[in-house]
Every structure is written in C-alpha cells, then in structure tokens.
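# Tertiary structure, described
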Amino acid sequence: MAVYSKKYDVIVVGAGHAGCEAALAAARMGCRVMLMAIDLDKIAAMPCSPSIGGMAKGQLVREIDALGGEMAKITDKTAIAYRKLNTKKGPAVHSSRTQNDKIRYHIAMKSIIEKTENLDVKQGRVDRLMMEEKKVIGILDHTGYGFQADTVVLATGTFLSGLVHIGSRSFKAGRAGEFASYDLPAHLKELGFNLGRLKTGTPPRLHKDSIDFSKFVRQDSDDPIEPFSFSTKKIITTRLPSYIGHAKTNTIRIVQDNLKYSSLYGGRISGKSARYCPSFEDKVVKFPDRDRHQIILEPEGLDTDEIYASGLGNSLPMEIQLDVVRSIEGLGEAEIIRPAYAIEYDFVNPIQLQPTLETKLISGLYMAGQINGTSGYEEAAAQGLWAGINAASRIQGRPAFLLDRSQAYMGVMVDDLVTLGTNEPYRMFTSRAEYRLVLREDNADLRLTAAGHELGLIDSDTLKDVVERKKQIGQEINRIQRTVIKPVEKVNQYLQDHNSNPIDNGVHLDQLLKRSELDYDIVTTFAPNDEKLNTRVVRQVEIDIKYDGYIKKQLKEIEKFITLETKKIPKGFDFNAVHGLSNELKEKLSAIRPVSLGQASRMVGITPAALSVLMIALKARGA
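Residues numbered from 1 in each chain as written. Predicted model: local features only at pLDDT ≥ 70, side-chain atom pairs only at ≥ 80, totals over all residues. Heavy atoms only, no water.

Before going further, it helps to spend a moment on the overall build of the protein chain. Secondary structure summary: the protein chain contains 20 helices and 22 strands in total. Expressed as lengths along the three principal axes of its C-alpha atoms, the size of the protein chain is roughly 85 × 70 × 50 Å. Split into buried and exposed, the 623 residues of the protein chain put 56% on the buried side. Residue pairs in contact within the protein chain that sit at least 24 positions apart in sequence constitute 72% of those at least 6 positions apart. As displayed, the protein chain has an accessible area near 27100 Å², and 50% of this comes from carbon and sulfur atoms. Mean positive and mean negative side-chain charge positions of the protein chain (84 and 78 charges, respectively) differ by 3 Å. (Helix = DSSP H or I, 4+ residues; strand = E, 2+ residues; numbered from the N terminus. Buried < 20%, exposed > 50% of the residue type's maximum accessible area, 1.4 Å probe, protein only. Contact = heavy atoms within 4.5 Å. Areas by Shrake-Rupley, 256 points an atom, 1.4 Å probe, with all protein chains shown as cover. Lys, Arg positive; Asp, Glu negative; His and termini not counted. Charge placed at Lys NZ, Arg CZ, Asp CG, Glu CD.)

The full count for this structure, using the stated rule, is 44 salt bridges. The residue R602 makes a salt bridge to D415 at a minimum N-O spacing of 2.5 Å. Note that R602 is positioned in the loop between α19 (597-601) and α20 (608-620) and D415 in helix α10 (residues 409-420), a separation of 187 residues in sequence. Note on D415: relative accessible area 10%, which makes it buried. One salt bridge in this structure joins K552 and D548, with 3.3 Å as the shortest N-O distance. Placement of both K552 and D548 in helix α17 (residues 548-565) is noted, with a separation of 4 residues, approximately one turn of the helix. When salt bridges that share partners are traced, they join R405, D415, D416, E434, E565 and R602 into one network. (Salt bridge = Lys/Arg side-chain N within 4 Å of Asp/Glu carboxyl O.)

Another point: the packing of helix α1 (residues 17-28) against helix α4 (residues 102-115). Relative to each other, α1 and α4 sit at 25°, their axes nearing to 11 Å. Between α1 and α4, the crossing angle belongs to the class labelled roughly parallel. The two elements α1 and α4 meet at a crossing, and its hand is left-handed. Taken together, the residues of α4 that come into contact with α1 (itself represented by H17, C20, E21, L24 and R28) are Y105, M109, I112 and I113. Considered class by class, the residues forming the contact of α1 with α4 number 6 nonpolar, 1 polar and 2 charged. (Axes fitted to C-alpha atoms, helices over the stretch in contact; angles between N-to-C directions. Parallel < 35°, antiparallel > 145°, perpendicular 65-115°, else oblique. Left-handed = near helix turned anticlockwise from the far one by under 90°. Nonpolar A, V, L, I, M, F, W, Y, C, P; charged D, E, K, R; others polar.)

This part takes up helix α6 (residues 249-257). For α6, the full list of buried residues reads T251, I252, I254 and V255. Angularly, the buried residues of α6 cover 155° about the axis, an arc narrow enough to put them on a single face. Packed against the buried residues of α6 are β15 (242-247), α7 (280-286), β16 (293-299) and α8 (318-326). (Arc of directions from axis to C-beta.)

Take the packing of aromatic side chains next. Across all of its chains, the model carries 10 aromatic pairs by this definition. Taking the centre distance of 5.5 Å and the plane angle of 55° together, the rings of Y4 and F147 count as tilted. Here Y4 is found in strand β1 (residues 3-13), whereas its partner F147 is found in strand β9 (residues 146-154), with 143 residues between them in sequence. A residue is classified by how much of its surface remains accessible, and Y4, at 24% relative accessible area, is partly exposed. A residue is classified by how much of its surface remains accessible, and F147, at 5% relative accessible area, is buried. Among the aromatic side chains, those forming a connected cluster through ring pairs are Y4, Y8, Y145 and F147. If you follow K172 out to its NZ or CZ, it ends over the ring of Y182, 4.6 Å from the centre. Positioned above the aromatic ring of F287, the side-chain terminus of R290 is 4.6 Å from the ring centre. (Phe/Tyr/Trp six-rings, centres within 6.5 Å; stacked < 30°, edge-to-face > 60°. Lys NZ or Arg CZ within 6 Å of the ring centre and 35° of its normal.)

With that out of the way, let us pick up the domain arrangement of the protein chain. If you check the domain split of the protein chain, you get domain 1 (205-344), domain 2 (460-550) and domain 3 (567-622). One C-alpha centre belongs to domain 1, the other to domain 2; they are set 44 Å apart. (Domains from an automatic or database assignment.)

Along the chain, T374 turns up in the loop between β20 (365-367) and α9 (377-396). Through-space distance from the C-alpha of T374 to that of L198 is 9.7 Å; in sequence the pair is 176 residues apart. Apart from the residues within four sequence positions on either side, T374 is in contact with Y345, G369, E379, Q383, L417 and Y426. A polar atom in the side chain of T374 sits 3.1 Å from the backbone oxygen of G369. (Polar contact = N/O pair within 3.5 Å; in protein donor to acceptor, adjacent residues only side chain to side chain.)

Summarising the element assignment, Q383 is placed in helix α9. In this structure, the C-alpha to C-alpha distance between Q383 and R469, residues 86 residues apart in sequence, is 28 Å. A polar atom in the side chain of Q383 sits 2.9 Å from the side chain of N372.

Once that is clear, we can look at the nonpolar core. Ranked by internal contacts, the top residues of the largest apolar core, which has 103 residues, are I139, L154, L188 and M410. Sorting elements by how many residues they give to this core places α9 first, with 10 residues. Leaving out residues up to four positions away in the same chain, L188 has contacts with L129, L154, L160, F193, L195, V348 and M367. (Core = buried A, V, L, I, M, F, W, Y, C linked by side-chain atoms within 4.5 Å.)

Here we have 4 strands laid out as an open sheet, ordered β11-β10-β19-β12, and antiparallel in their pairing. Two strands in the sheet have a free side with no partner beyond their single neighbour: β11 (169-172) and β12 (195-202). Neighbouring strand axes in the sheet, compared pairwise and without regard to direction, differ in orientation by 25° on average. Bridge count between β12 and strand β19 (residues 341-348): 8 bridges; the pairing is antiparallel. Bridging from a neighbouring strand, T202 pairs with Y341 of β19. (Pairing = 2+ DSSP bridges.)

Here we come to α1. Between its first and last C-alpha atoms α1 spans 17 Å; for 12 residues at 1.5 Å apiece the expected length is 16 Å, and the two agree. The buried fraction of α1 is high, at 11 of 12 residues. Residue G30 follows α1 closely and has a positive phi angle near 105°. (Expected span 1.5 Å × (residues − 1).)

Shown next, in the form of structure tokens:
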C-alpha cells in the first residue's frame, strides 16, 4: 500500500457545510489539515434550498460566527434576500434567514478554504479507515492510496449508500448527478458501528421565464436588513424577491390519484422521512383536511434562471411532477429544469458518539453533520465546527471543547444527539432549547466570543469590542434603573401619545421601559445618554430591561441545571454494579455512558428515583 509522505493532524472527509467548518477550525487553530471531497467543484454546495438560517437555525449560524466559524460571513457575501422571522413574538424566538446565490456561496467558501494556511485540499473518495487496534491513523481513498493522520472527521452528508428515487426509478448517487459512497459505510459496519437509514428530498427547479409571477404574492427583503455575521459592517449584495402562492385542491387531487407511483408511497423507500419538513405527498396524506398548501418560489442566484419551488418536494415520476407543477395557478406553462427527487442514505446513530463527537468505538475518529442523523446546512456546520475544534484540541493537548444546554443552541443539539440518538432526521427548533430566552441570536457574540478567542479562532480586537459592548450595556442599564421620571405634563403627554397610562408619582425609567407599548425612544427623549450608543447596545439594553423578570427566573433554572451538570460520572464507571436500577436502565447507561448526572437525567426512561439511586451510588464510590 502506497502512503502519502506528508502526515496530517486532522483529515476531514467531505466538503459540505460540516466539512468546511471542521477543516477551517482545525487549520486556524494551527493543525495540519487535509480536506478530501469526491468533487471539489461541489465544496459547500447547496443541493436543497439555497438559504441559510430560519427558525432556530439562525441562532446556530450566529453561534458559529461568534466562535470564529465561516458560515455567516459567506452568507453576507452571497445573500440575495434577508428576512427576520417571528418578529411578532418575543426576542427569544427571533431568527434570521437569508436566500443565497448558491453558486457564489460555493465559490466564496472554496476560495476561503484554498487560501487558508495549514489546509490542503484533495479530490477523492474515501473507502476505508487506516487503523491500529482501536485507533484511527488515516484513510484510504478509492485508488487504494493512503493518507496518514492522528484524527479523522467524517462529514459525509447524504453520500453513504446514497440512493436517489424518482417514481419507479432509483439510482446510486450522493446527490443527483454525484457519485455515492458504498465502500465506506460497509467498512463502518465491519468496525461495529450501528447504521440506520434516513430519507430526505428536494423540490423541482423551474425556469424563471416560464412562470407568471403576477399570480403570486411578492415578498421582498426586510428594510433595513441586519447582517448575519457580527463582523459584517455593510451589505452590498443585490437583493431579489421571492413569491408566495398555493397548491390547491386540483393539485392535491393529482397527487392523491398517483400516490402509488410515488417512490415514497410505492414502497421503494425504507429510510425514515423528516417529520418537520414533509414532502408534498406527505402533506397530502397526513393533512387530508387541508385544501391548500403554501409554496414559495425562490431564486437560486443572480446569474441563473433557476427557481427553487419550495414546498413541492416529491418523489413522483417526471410526467406526474409536470402535471402537479402546471396545475398551480401561475405555473400553467412552467418548465422543469431539474426534477424533484427523494434520496435515502445511511447514518450512524449518534448515541455511539461522545459529547466531543468523537466515536466511542474508534479513538480519534469524529463524525459531524448528516452522518449523525441531522438535517440542514446549519446543524451540519455547527457540528463540523464542534468536531473540528475537538479534533484540534486533542492534537494540541487542550481540554475538550464542550458547551452545555445553558450556553448555546449547538450545546442543546449535541446533547440531544449523543444522549437520545435519533431515528429520523433531526432538526433544530427553538422549542428544544429550555433556556432560549438567554440563548438569543442577538447575544450570541456576548455569550461565545471569549470562548472563540481562547481557541484562537477570534482575534483580540473583536474580543475587545465585545468586552467594551458588555460594559456599555451594563452601565446603561444601571443608569436607566437609577433615573427617576417625574409626572410632568410633557411626560404624560408622551405616554398618552403612545397609548400608555400616565404616571402620578416619580417612576424609575426602567419601569416605564418595561411597558410593552414603549421602547428605548422614551430613554432618548427624557434621559438621553451623553455618549451615543450603537444600535446593538441599545437593543441589548432594551431586551434585558423588558424581560428582566423572565431572564432572572431562567438564570435560576440554569443554576439548578448546572448543579447536575457538574456532578461528573467517572470514565469507566460500572453501571451494572448499581443496585436499584432496572436491567434496561443499566443497559442504556452502559451504552450511552453519560458524562454527568445532568446528561443521565435527560436519557429516555430515567426517572427521578433512578437518578437518586445513581447519585447515591456515585457518592458511595467517592465520585
């Protein structure tokens, strides 16, 4: 066996969103890194929706950015639409979303990767891992050529045993038009990994000139727009609108009449579908009482006429897809450029991973992205960053990089995966985060920039800016809390004009700002700061004051949570020797091997009584 002479610290397999963040993080931390992809012309490809962010996903992107990742920066360079979601609700669930030029996104990320020091890029398909006992020492590509490394990150996306379905036809592919990987998943099974099968899909792409957009409702970007990256000073990209319409009863009937020809309902797909992002066939079957379903026509870029028909994902034969599309008002003459399809692929149940995303079976082997059962570019990128940092930390003898559920959305996601596992594509939601009021996307840099700086991924000037902003926020809150507003005519007239009750006695300004109908303008009107504060400081001050009671309550809950998280379970602890636990729980605990009582408490089947038994057993053993 021939082996490349250069030895790497980290090899990353796969150059999707997970692989890119993993490779960049490890290289920027000073490791020698190789990134290998089946097709280097598909680095950071957007095979499904050319968008970044969305509900809870926007929080992940901001956290990636705060830690020194690249996704938000590339997003701002290539976005063609910006929207803030859930703005009618509280700030805990506000999430940013962009529509992106998918070709420019790929080119921008590829350029960054190729210019990054310590990072080599190679094209090839990885078929096997090189091993010494239970330790990974490199990879073998499809030609049998070896590359050595102390750690390997698998970020293989949908390529493991990928099978694309369109109607009754199926063909091997990692994505439509791309080679799949069949030897690597077989090798992982040989090594003892438990692999499952998942399914996802994508809608048809339509030619812009064949659409009558007058039949749809135009949706433009927000104005003003807010950049995704905390480092972006100005957005200079061109914006394009999207268009909202509906598939109605005639379209639904076509699908109902042809379900037997669908790959999904014709019995040709064994993989579990995403519950939260159903195909059009799923919508018709699972929501039979609905007489219409929303679709959104989104441009795929500035230099292409392809339109992404969001909401129309299916696995029907091409001729039926055409009938479905043309039954929708405004799409009567539509031309399909690329058909919709379903794809099923192998994944590794993530309960086989440690919280660092290193596998329990093989030392030095990490996994990130859809190989862990997740769905979405943002979930993948966050895991890639996490795995890349931990692989580099292992090489450099640093402590493991871990964020818990009270610190970050990505902490919630990783904890969910390694504690509970998944049997369907996992998607991040704000409802998964118990402490979402303090894990907002607007304060991600305040929460995580210091950690990114400690890792060497954030420069000193950026950290200094964040520290100064924190100081300004605290000072302004204290000033507002000390300021008393008297019940003079001017004040009560202002309150009346803003549909707010007048005051009879002096009131501290923070009490007025807590009123839902009032905003920071009352501060600038009656007690302006001598220093001009930027909008980000003002926004934090307003949120912290308005939600002060709720935030304090959540912080108390976090204190209780941390109490359990700090009670560590020693490595190698014998759960089978704990009297009072059922055999089923002993088996689960031995398989998952929780690192703390907190993680154990979140396992399926762990009752308060079982947790008490475990706590007593740990104390008895001096843990």
